[in-house]
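Structure at a glance
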Amino acid sequence: MYVQRCIECGREYAPDEVVYTCECGGLLEIAYNLDDIDPSTITAPGRLCVWKYRSLLPVRREPITLLEGGTPLYRCNELERELGIRELYVKHEGMNPTGSFKDRGMTVGVSKALELGMKVVACASTGNTSASLAIYGARANIPAVVLLPSGKVALGKVAQALMHGAKVLSIQGNFDEALELVRQLCESEGFYLLNSVNPYRLEGQKTIAFEVAEALGWHVPDCVVLPVGNAGNISAIYKGFRELRDLGITESVPKMCGIQAEGSKPIVEAFAARALEIAPEPTPETVATAIRIGNPVNAKKALSAIYESGGYAVDVSDEQILASQRALAQREGIGVEPASAASVAGLKKLLDMGVIQEDESVVCITTGHLLKDPETAIANSPPPIEVDATIEAVKRAVFG
Ligand code: AN7
């Protein structure tokens, strides 16, 4: 059994209560009685996927699933050499059904919506959440409404939200404003809110931690490095590692390192001040539009994940993000969208700063696929070479 529990005051809410934050304003998390959970239900051999771990997921009905999770964990020998680190893996979440980690949260969140008898699901999104909500809404046959910041969502994500049949609203404002609006909409219309303030959605995302540990033979890496936007994923993954440790499956938790873009870094600023709360950034800006978020709702969870695990938060420039995107693509054959490359750019910076040592093992989470944002990829690559349809011209171009 489990309850929804406030991380601030400890107040508990029943599993079937539709509530997103505590009366005190605190964030909620799903709390299990771990004594009830047989660790062998988690560690039993089987194909990696979100629902392999259902004994630690808060859904009892048959899930709405597209076989999400089970993403590859790639060893990166080239980048190990280039960065000077002993052991580096990339967990490529771009290999999920819609091409981002959001599918892990949405398979759980939309299943929960049906279990609760909700009639419409909704979210605000910098793109990936909307693509994921649209596809699981389609799979579950429940209407989905998504609010996007006008002009700031990568092309592939808009295409997905539209094609999978969501009602797509383009808001004349940024993500933070869209989130505020969708919260009001859900409140007044009884729609089910599936942004990462929803604690059920984060339960699906914690399975990234389970899969990383399982792929490493139930060991944890020294550090996990990932991009941070609304700060749900770093909180979710840390919770997953905590639960594995508390069940006695693993011995420790990794240092959680959150990376933000230079123009959008409230968590980094709070971390630098050793603060527990953020000062929102009113005008976030970065080429990594997925993490163009100035007022991350899960900031408190994320900051405790970083502090408790002995982790770190740093920012990287757009140039560093694009250079790491290219390095992943060309040195390792891993195609990711800009936000995801912030993980590797951040790792490089943390190594340069001496925060991460060269004898440590690191897992970078690449959260979304290259094809999500084809426009940025094309804008930062040389154009195709126009060639006449003759062999001489082709040879000139090849050897030119
Ligand atoms: C590729 O889709 O917020 O820190 O609305 O798409 O859990 O927010 C996307 C976030 C990292 C940041 N990488 O994760 C949305 C949205 C990619 C993302 C993040 C996002 P969080």
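Treat the numbers as computed from the prediction; the structure is a model and nothing was measured.

Here we look at the side chain of Gln325
Assignment of secondary structure puts Gln325 in helix α12 (residues 318-331). The contacts of Gln325, once residues within four sequence positions are left out, are Val336, Glu337, Pro338, Ala341 and Leu370.

A look at the pattern of salt bridges
Applying the stated criterion across every chain yields a total of 26 salt bridges. With a closest N to O distance of 3.0 Å, Glu214 and Lys52 form a salt bridge. Residue Glu214 is found in helix α8 (residues 207-215), and its partner Lys52 is found in the loop between α1 (40-43) and β4 (73-75); the two are separated by 162 residues along the sequence. Taking relative accessible area as the criterion, Lys52 reaches 14% and is therefore assigned buried. A salt bridge links Arg331 to Glu82; the nearest nitrogen and oxygen atoms lie 2.0 Å apart. Taken together, the residues Arg331 in helix α12 and Glu82 in helix α2 (residues 77-83) connect sequence positions 249 residues apart. Judged by its relative accessible area of 39%, Arg331 is partly exposed. Salt bridges sharing common partners tie together Glu78, Arg81, Glu82 and Arg331.

A few points about the domain arrangement of the chain
Segmentation of the chain into domains returns domain 1 (1-36) and domain 2 (73-99 + 201-379). Distance from the C-alpha centre of domain 1 to the C-alpha centre of domain 2: 26 Å. Between domain 1 and domain 2, the contact holds 8 residues from the first and 11 residues from the second. Between domain 1 and domain 2, the buried area comes to about 800 Å², and carbon and sulfur atoms account for 61% of it. Of all residues in domain 1, Leu27, Glu29 and Leu34 bury the most surface against domain 2, accounting for 56% of the area lost on that side. Here domain 1 is connected to domain 2 by 2 salt bridges. One can count 6 residue pairs in polar contact (both at pLDDT 80 or more) joining domain 1 with domain 2. Considered class by class, the residues forming the side of domain 1 that touches domain 2 number 6 nonpolar, no polar and 2 charged.

Digging into the environment of Ile171
Residue position: Ile171 is located in strand β8 (residues 167-171). You can call Ile171 buried: its relative accessible area is 15%. A C-alpha to C-alpha distance of 9.9 Å links Ile171 and Val146, two positions 25 residues apart in sequence. If we ignore the near neighbours within four places in the chain, the residues touching Ile171 are Leu147, Leu148, Pro149, Ser150, Ala178 and Leu181.

Analysis parameters
Residues numbered from 1 in each chain as written. Predicted model: local features only at pLDDT ≥ 70, side-chain atom pairs only at ≥ 80, totals over all residues. Heavy atoms only, no water. Helix = DSSP H or I, 4+ residues; strand = E, 2+ residues; numbered from the N terminus. Contact = heavy atoms within 4.5 Å. Salt bridge = Lys/Arg side-chain N within 4 Å of Asp/Glu carboxyl O. Buried < 20%, exposed > 50% of the residue type's maximum accessible area, 1.4 Å probe, protein only. Domains from an automatic or database assignment. Buried area = accessible area lost by both parts, 1.4 Å probe. Polar contact = N/O pair within 3.5 Å; in protein donor to acceptor, adjacent residues only side chain to side chain. Nonpolar A, V, L, I, M, F, W, Y, C, P; charged D, E, K, R; others polar.

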